[in-house]
Amino acid sequence: LLSVTEGKLRSLAELQQAVLQCTVSNPAVLPASRFLDIGSCCSIVHVVNCEEEFQQQQLDLLWRILDPGAHTALQKHLVCGPVKVTNLSSPIGADQYFQLRKRQMYEASVMKYGELAQDEAWTEVIDTLTVAAIRFEMLSTAHRSQITLDLEDSSISTKGTKSGTFVMYNCARLATLFDTYQRAVERGTYPPLPPVSELNFSCLREEASAEKRHAGTCGEWLLLFNYLLPFPEVLQQAAQLPAPTKGIRITANTETVCKFLIQLSMDFSSYYNRVHVLGEPFPHLFDQMFARLQLLGAVRDVFHSALATLNLPPLSQI
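Residues numbered from 1 in each chain as written. Predicted model: local features only at pLDDT ≥ 70, side-chain atom pairs only at ≥ 80, totals over all residues. Heavy atoms only, no water.

Undergrad: Provide a residue-level description of the state of the cysteines, including the pertinent values.
TA: Enumeration according to the criterion identifies 0 disulfides in this entry. A disulfide-free cysteine, cysteine 50 has its sulfur positioned 8.6 Å from the sulfur of cysteine 80, the nearest such atom. (Disulfide = S-S within 2.5 Å.)

Undergrad: Tell me about a nonpolar patch on the surface, and please be specific about residues and values.
TA: Together, Val4, Leu9, Leu61, Ile65 and Leu66 make up an exposed nonpolar region whose accessible area comes to about 470 Å². Looking at which element gives the most residues to the nonpolar patch, the answer is helix H2 (residues 53-66), with 3 residues. Looking at where leucine 9 falls in the secondary structure, it is placed in helix H1 (residues 6-21). (Patch = residues over 30% accessible without salt bridge, like charges linked within 9 Å, V, L, I, M, F, W, Y side chains within 5 Å. Areas by Shrake-Rupley, 256 points an atom, 1.4 Å probe, with all protein chains shown as cover. Salt bridge = Lys/Arg side-chain N within 4 Å of Asp/Glu carboxyl O. Helix = DSSP H or I, 4+ residues; strand = E, 2+ residues; numbered from the N terminus.)

Undergrad: Now, about the pattern of salt bridges: what can you tell me, with residues and values included?
TA: Inspection of every chain in the model, using the stated rule, returns 7 salt bridges. Here arginine 101 and glutamate 137 are joined by a salt bridge, their closest N and O atoms 2.6 Å apart. On the criterion of sequence distance, the pair formed by arginine 101 in helix H4 (residues 94-113) and glutamate 137 in helix H5 (residues 122-139) is long-range, its members being 36 residues apart. Glutamate 107 is the salt-bridge partner of arginine 103, the closest N and O atoms lying 3.3 Å from each other. Residue arginine 103 and its partner glutamate 107 are both found in helix H4; the two are separated by 4 residues, about one turn of the helix.

Undergrad: Account for the packing of H4 against H5, with residues named and values stated.
TA: One way to put it is that H4 packs onto H5 with a least axis distance of 9 Å and a crossing angle of 120°. In terms of axis orientation, H4 runs oblique to H5. Regarding H4 and H5, the two cross each other, and that crossing is right-handed. Residue-level contacts link Tyr97, Phe98, Arg101, Lys102, Met105, Tyr106, Ser109 and Tyr113 of H4 to Trp122, Ile126, Asp127, Leu129, Thr130, Val131, Ala133, Ile134, Glu137 and Met138 of H5. Taken together, the residues that form the contact of H4 with H5 break down as 12 nonpolar, 2 polar and 4 charged. (Axes fitted to C-alpha atoms, helices over the stretch in contact; angles between N-to-C directions. Parallel < 35°, antiparallel > 145°, perpendicular 65-115°, else oblique. Left-handed = near helix turned anticlockwise from the far one by under 90°. Contact = heavy atoms within 4.5 Å. Nonpolar A, V, L, I, M, F, W, Y, C, P; charged D, E, K, R; others polar.)

Undergrad: Just give me the short version of the nonpolar core, but keep the residues and values in it.
TA: The biggest cluster of nonpolar side chains holds 55 residues, and the ones touching the most others in it are Leu261 and Leu296. Secondary-structure elements contributing two or more residues to this core are H5, helix H6 (164-187), helix H8 (219-228), helix H9 (231-238), helix H10 (254-274) and helix H11 (283-309). (Core = buried A, V, L, I, M, F, W, Y, C linked by side-chain atoms within 4.5 Å. Buried < 20%, exposed > 50% of the residue type's maximum accessible area, 1.4 Å probe, protein only.)

Undergrad: How would you sum up the environment of valine 277? Please name residues and give values.
TA: Along the chain, valine 277 falls in the loop between H10 and H11. C-alpha of valine 277 to C-alpha of alanine 291: the two residues are 14 residues apart in sequence and 9.7 Å apart in space. Aside from chain neighbours lying at most four places away, what touches valine 277 is Leu177, Tyr272, Met289, Arg292, Leu293 and Leu296.

Structure below.
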């Protein structure tokens with residue numbers, strides 16, 4: 001039995017209006033639905049929680065009946081699992097959740113960085129770190145599975161290696177490295193980075209950490225083979241919705257990007273802690289420094305591109 005209510009009709013009117021306005025260059029977006037160009041048609045992806053899946057299916061069916069156009073045939077549903085909250089005495093909304101995490105992030109930053117974290121310039125940094133922590137907390141779990149949130153103060157840390165904060169910290173380390181190099185170039189300490197065609201990549205021979213060494217993999221080449229080269233495939237698996245297929249359910253593997261960024265951060269951090277990239281300004285050391293800078297520039301680009309798929313801006317400093 002398909003019930004037709006005023007609310008459903010209002011939602012359909014909004015969807016139809018959005019489809020009419022939707023173009024390839026400027027897709028329209030509604031709170032619960034996103035429009036993607038597939039061929040010459042407009043595909044509608046409904047993002048809905050598991051408790052409202054049946055109601056969304058009714059809306060889908062009603063639209064197909066009232067407007068049997070090409071776009072209604074391309075409706076897809078991305079169903080999200082439930083969110084369970086522990087260590088909480090009363091219900092909490094999205095705004096309260098963000099404010100709670102922001103306060104925890106601020107307190108953790110003050111504990112690590114001291115009075116610096118209380119400067120007004122840190123407001124944007126704290127906001128970005130909070131959003132990163134929340135996105136990784138949510139998107140590291142497959143969207144079909146239940147998410148369990150621990151809202152205790154100890155659940156937010158600036159030291160953990162498996163969080164959005166850790167990823168943003170390592171992204172900022174790369175920004176600081178290249179800022180330091182650029183300032184040194186301006187002072188005349190180092191020459192500018194030569195074109196790629198003039199670099200000697202045989203200088204990249206730094207050993208991997210002990211746990212990686214048994215595989216015979218050099219630390220610098222590990223970054224290339226484990227992260228730079230496979231990155232397009234990671235995006236293809238995680239960030240691209242499948243082409244129209246039978247059935248209405250689709251999957252977006254956001255957890256793949258999160259896990260990729262966390263593992264990249266761990267291996268990059270291990271490498272960066274062992275290697276002094278900007279060495280003494282002696283000409284015989286420049287070839288190795290240039291090759292490392294080119295490699296880490298590519299690592300930085302991967303960080304930025306992967307964060308962009310989660311709608312996160314890279315941090316330039318922490």
